[in-house]
Amino acid sequence: MRSSSLLLAIAACGTTATRTAPLTAVVLGAHAGDVRAALSRPIEGVAFAVVTLPESLGAAPITDEHGDEIARARRAYINADFPSCRALLDPIDTLALLDGHREIAARVLVWRVACRVGEGDKTGARRDAMSIAVAGLALPADIASVTPDVELLIGDVTAKLAANAPVPLRVTARPAGARVSVDGRDDSCVTPCTVRLAPGAHALTIAADGFTPMARRILTPDDRELAIELVEAAPPIIAAQLQLRVARGAPVDDPSTLALAARAVRARQLIVLGVAGTHLVGALYADGQVGARGERVFGRGGVSRATAEVTRELLGTGGIVPATPLWRRPRFWISVVVASAITAGITGYLVFRPDPQSKVVFP
Amino acid sequence: MKLGSLALVSAFAACSPAHPVTLDLGVTADRDRLPAGFSCKRANGNLMVEDALSGSQFAMSLVVDFLDMDGGLPLCRGDAISTWCDDHGGCLPIEVPGGVRFCTEMRLTIDPSDPVSAAAAFNAALSGTVVIEDAPDRAVMVRVVGTVQPCSEVEAWTGTSYPTYVPAKVVGCEYSCPVLLDEVEHLTVSLDTFDQNCEQQVLSCAAGP
C-alpha cells in the first residue's frame, strides 16, 4: 500500500501542468521561421501564440520621390524655361525631405538655384543656396549639368556661412534619453543636450524607443531651446522600433528589448526568442520583470531543438510550469553514469594499481 | 561481486609493468679499480679482500640484503641512517620471497699484481646477474656484503632473521641510500670513506646500521 502511494507521488512529480491560455511568443532575427515552427506545437503542455512582427520598418524605404519633378525641371532649365522650372520645384518642402532623403533635397535645391540664377533672381538663388549650406548637404552629381556660376554661388554662400559662429540649441525631451537627429543626419545627441547649428532653418527629429518620433523645424538663432513631450507610440511603431533595435545589435534578452516587445504585442507575459550568431537566445518577461533567460548553441538538432530546449528552460525557470525534476533529465543520468565510471576507475586504480615488478640486476 | 573484484584485480595484475633496476658497485665509472667498500685495509696493512685470495684464486660470497627502512627515507649520511634505524626497528634485512637471500659464490682466477684486471674480472663475473625478480615495494636500503663464508652459512632465513656475518670473514661491504626501488632505475652502492683505512666502516656496514 505504502509503496503504491510512493509510486503515485513520484509519478505526480513527473507530470506537467497544462496551461489553458497560450503564451505569447515573439520571434526576432534570423531563422525566425524555424523558431516559429518549433513553437507551433505545445512544449511542456504550454501552447504558444507566436506573434510575427513586420519586417524592419526603421530604414527609410528606397524611393524615387520627386524624381519626375526634378527630371522635368532639368529639361525646362535646358530649354531656358526657368519659370516652369521654378513652378515644378518651388512647391517641394526640402526641409521635410532632409529626414531620410538628404540627397533628393540637395538635388531639388541645386536645380532651384540654377533656375533662379538663369532667371536672374539672385536673391532667391542665394536663399536656396543658403538652405544647402545650412543643412550641410553634399552637392549631388547634378551640379555638373548646371552653369559654373551656380556652383560658384553655392560655394560662396557656404564659405560665408562657415564664417559665422554656430548657434547653440538646447534640446530637452520627456522622457529624457531621446535621440536627436538634425537635418536627417544620424543621431546628433541624446537628450538633454545642446547641438551647435549654423544659422538658418533646420529640421530636427526626436525619437525614443516606445514613443512616437517627433519632427520639429527650428530657426536659429531665433530658436535657442526646444522642449519636446514625447507620446507613447502605437504598437505597430513600437514593433518597428523593436525590429530596428535588434537589427542594430541590441541583445534579444536585454531588459529594454523585452519591455519594447511586451508593449509591441500588448502582452504582460511573453517569451522572446532570437538568434544571435550560432546561439539561440531567449527570455521570459512578465509584469515588467525578466523572469528567466536561456541560451543554447545550435547542436545537431539545429534551431528547432535549441528552441525547444530554451523554451523548456524558460518555462521551468520562470515558473510557468514546474521545473523538470533532475531525475527526468537525460543529461543528469549521463552525468551520473560518467561520474560513477570515472570514480570507479580512479578508485580501482588506487586500490588495485599495478605494482611495478622491480628487477634488480648487476649492470 | 567477488568475481568482479577478482577480475579487476587480475586485470591490473596482468598489467604489472616490468621495472629493471641496475645495481652498481662503487662509484668508479671506468671500473678499473675495486669498489670503495672492497678496498679497505686491515690494521696490518693488507687489503681485507685479500682474505679471499689464495694465490691467483679468488673465492668470495657476495650477499645482497634489502634493509627495511620502516616506510621512511632518511638522508644518506651515516649518522642520519644510524639515528633513523635506532628509532625504527634496526633496519633489519627483509625476508625475500622463497626465504633465501641473494648470495653468489664468486670464484675467479686473477693476477694479484694487476688490480685493474682483477676489478674488471670481478665486474664481468657479476654482469647480468639477477639479484631479485621482484624487489620489495617499500623503502629499503640495499646492502652488498662480501664474505669468505660460504653461501650456505648465510643465505637461509632462520625464521626470524638471516644469519649475521662473522666479522673476521667479512672482506667488504657497501650500501645504497634509502630508496623506493619502484621509483629508480639505477642504484649505486658504496662506502663512505676518505681512505683505505676503513675496516671498521666495513664491519659496521655488514653488522647493520
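The following paragraphs examine the structure supplied in this document. Since we're looking at a predicted model, the values are computed, not measured. (Residues numbered from 1 in each chain as written. Chains lettered and ligands numbered in written order. Predicted model: local features only at pLDDT ≥ 70, side-chain atom pairs only at ≥ 80, totals over all residues. Heavy atoms only, no water.)

1. Some details on the overall build of chain B
A tally of regular secondary structure across chain B gives five helices and nine strands. Moving toward the C terminus, one meets the helices and strands of chain B in the order α-β-β-β-α-β-α-β-β-α-β-β-β-α. Sequence separation of 24 or more characterises 78% of the internal contacts of chain B that already satisfy a separation of 6 or more. (Helix = DSSP H or I, 4+ residues; strand = E, 2+ residues; numbered from the N terminus. Contact = heavy atoms within 4.5 Å.)

2. Structural notes on the overall build of chain A
Within chain A, the regular secondary structure consists of twelve helices and 13 strands. Within chain A, the fraction of its 363 residues that count as buried is 40%. Summing over all exposed atoms, chain A offers an accessible surface of approximately 19000 Å²; the carbon and sulfur share of this is 57%. (Buried < 20%, exposed > 50% of the residue type's maximum accessible area, 1.4 Å probe, protein only. Areas by Shrake-Rupley, 256 points an atom, 1.4 Å probe, with all protein chains shown as cover.)

3. Some thoughts on the packing of aromatic side chains
Here the structure, examined in full by the defined rule, presents seven aromatic pairs over all chains. Between Phe38(B) and Phe122(B), the aromatic rings sit 5.9 Å apart at their centres with planes inclined by 50 degrees, giving tilted as the arrangement. Remark: Phe122(B) occurs in helix 3 (residues 115-126) and Phe38(B) occurs in the loop between strand 1 (18-25) and strand 2 (53-54); sequence separation between them is 84 residues. On the accessibility criterion, Phe122(B) (4% relative accessible area) is buried. Here Trp157(B) and Tyr162(B) contribute two aromatic rings whose centre-to-centre distance is 4.8 Å and whose plane-to-plane angle is 75 degrees, an arrangement assigned as edge-to-face. Residue class for Tyr162(B) comes out buried when judged on its relative accessible area of 6%. Within the aromatic cluster, the residues linked to one another by ring pairs are Tyr77(A), Phe82(A) and Trp111(A). Its end group placed over the ring of Phe211(A), Arg263(A) keeps NZ or CZ at 5.5 Å from the ring centre. (Phe/Tyr/Trp six-rings, centres within 6.5 Å; stacked < 30°, edge-to-face > 60°. Lys NZ or Arg CZ within 6 Å of the ring centre and 35° of its normal.)

4. Focus on the sheet that holds strand 9 (residues 225-229) of chain A
Residue and element names in this part refer to chain A. Taken in spatial order, the three strands line up as 6-3-9 in an open sheet, and their pairing is mixed. Only two strands of the sheet have a single partner each, and these edge strands are strand 6 (193-197) and strand 9. In this sheet, neighbouring strand axes are inclined to one another by 25 degrees on average, regardless of whether the strands run parallel or antiparallel. Summarising the sheet, strand 3 (residues 167-174) and strand 6 pair through five bridges and their orientation is antiparallel. In the sheet register, valine 171 faces strand 6, and the bridge partner there is cysteine 193. (Pairing = 2+ DSSP bridges. Axes fitted to C-alpha atoms, helices over the stretch in contact; angles between N-to-C directions.)

5. Describing the pattern of salt bridges
Residues and elements named next belong to chain A. Evaluation of the coordinates by the stated rule reveals 29 salt bridges over all chains. Between aspartate 90 and arginine 112 there is a salt bridge, with its nearest N and O atoms 3.8 Å apart. Taken together, the residues span a long stretch of sequence, with aspartate 90 in the loop between helix 4 (82-89) and helix 5 (94-97) and arginine 112 in helix 6 (residues 102-119) at a distance of 22 residues. One salt bridge connects arginine 245 with aspartate 209, and the closest N-O pair in it is separated by 3.3 Å. Of this pair, arginine 245 sits in helix 9 (residues 235-247) while aspartate 209 sits in the loop between strand 7 (200-207) and strand 8 (214-220), and the two are 36 residues apart along the sequence. Among the ionic contacts, a cluster of salt bridges with common partners joins Arg86, Asp90, Arg112, Arg116, Glu119, Asp121 and Asp128. (Salt bridge = Lys/Arg side-chain N within 4 Å of Asp/Glu carboxyl O.)

6. Side note on the interface of chain A and chain B
Opposite the 13 residues of chain A that make contact, chain B presents 32 residues. For the pair chain A and chain B, the two sides together bury roughly 2100 Å², of which 62% comes from carbon and sulfur. Put simply, chain A and chain B have zero salt bridges between them. Where the side of chain A that touches chain B is concerned, the elements lending two or more residues are helix 12 (330-352) and strand 13 (357-361) of chain A. Broken down by element, the residue count for the side of chain A that touches chain B peaks at five residues, all from strand 13 of chain A. Sheet topology places strand 13 of chain A next to strand 1 of chain B; five bridges connect them, and they run parallel. (Buried area = accessible area lost by both parts, 1.4 Å probe.)

7. Re the environment of Phe48(A)
All names here are of chain A. Relative to the elements of secondary structure, phenylalanine 48 occurs in strand 2 (residues 48-51). With relative accessibility at 11%, the residue phenylalanine 48 sits in the buried group. Put simply, phenylalanine 48 and alanine 21 are 27 residues apart on the chain and 8.5 Å apart in space, counted from C-alpha to C-alpha. In this structure phenylalanine 48 touches Pro22, Leu23, Ala25, Leu39, Arg41, Ile43, Ile271, Thr311 and Leu315, once residues within four positions along its chain are discounted.

8. A closer look at the state of the cysteines
Residue and element names in this part refer to chain B. Within this structure, the stated rule accounts for seven disulfides over all chains. Here cysteine 40 engages in a disulfide with cysteine 198; their sulfurs sit 1.8 Å apart. Residues cysteine 40 and cysteine 198 are joined by a disulfide whose S-S torsion is about -105 degrees; by sign, that bridge is left-handed. In this pair, cysteine 40 sits in the loop between strand 1 and strand 2 while cysteine 198 sits in the loop between strand 9 (186-189) and helix 5 (199-207), placing the two residues 158 residues apart along the sequence. Take cysteine 40: its relative accessible area is 0%, and that puts it in the buried class. The residue that forms a disulfide with cysteine 85 is cysteine 91, at a sulfur-sulfur distance of 1.9 Å. With the S-S bond torsion at -95 degrees, the cross-link from cysteine 85 to cysteine 91 turns out left-handed. For cysteine 85, a relative accessible area of 1% translates into the label buried. In this structure cysteine 91 comes out as buried when scored by relative accessible area, which is 2%. Sequence-ordered numbering of the bonded cysteines in chain A gives a pairing of 1-2, 3-4. (Disulfide = S-S within 2.5 Å.)

9. Thoughts on the pairing of strand 12 (residues 289-297) of chain A
All names here are of chain A. The pairing of strand 11 (residues 279-286) with strand 12 spans eight bridges and is antiparallel. Across the sheet, histidine 279 pairs through a bridge with valine 297, a residue of strand 12. Counting the residues in the hairpin turn of strand 11 and strand 12 gives two residues, including aspartate 287, whose phi is positive at 50 degrees.

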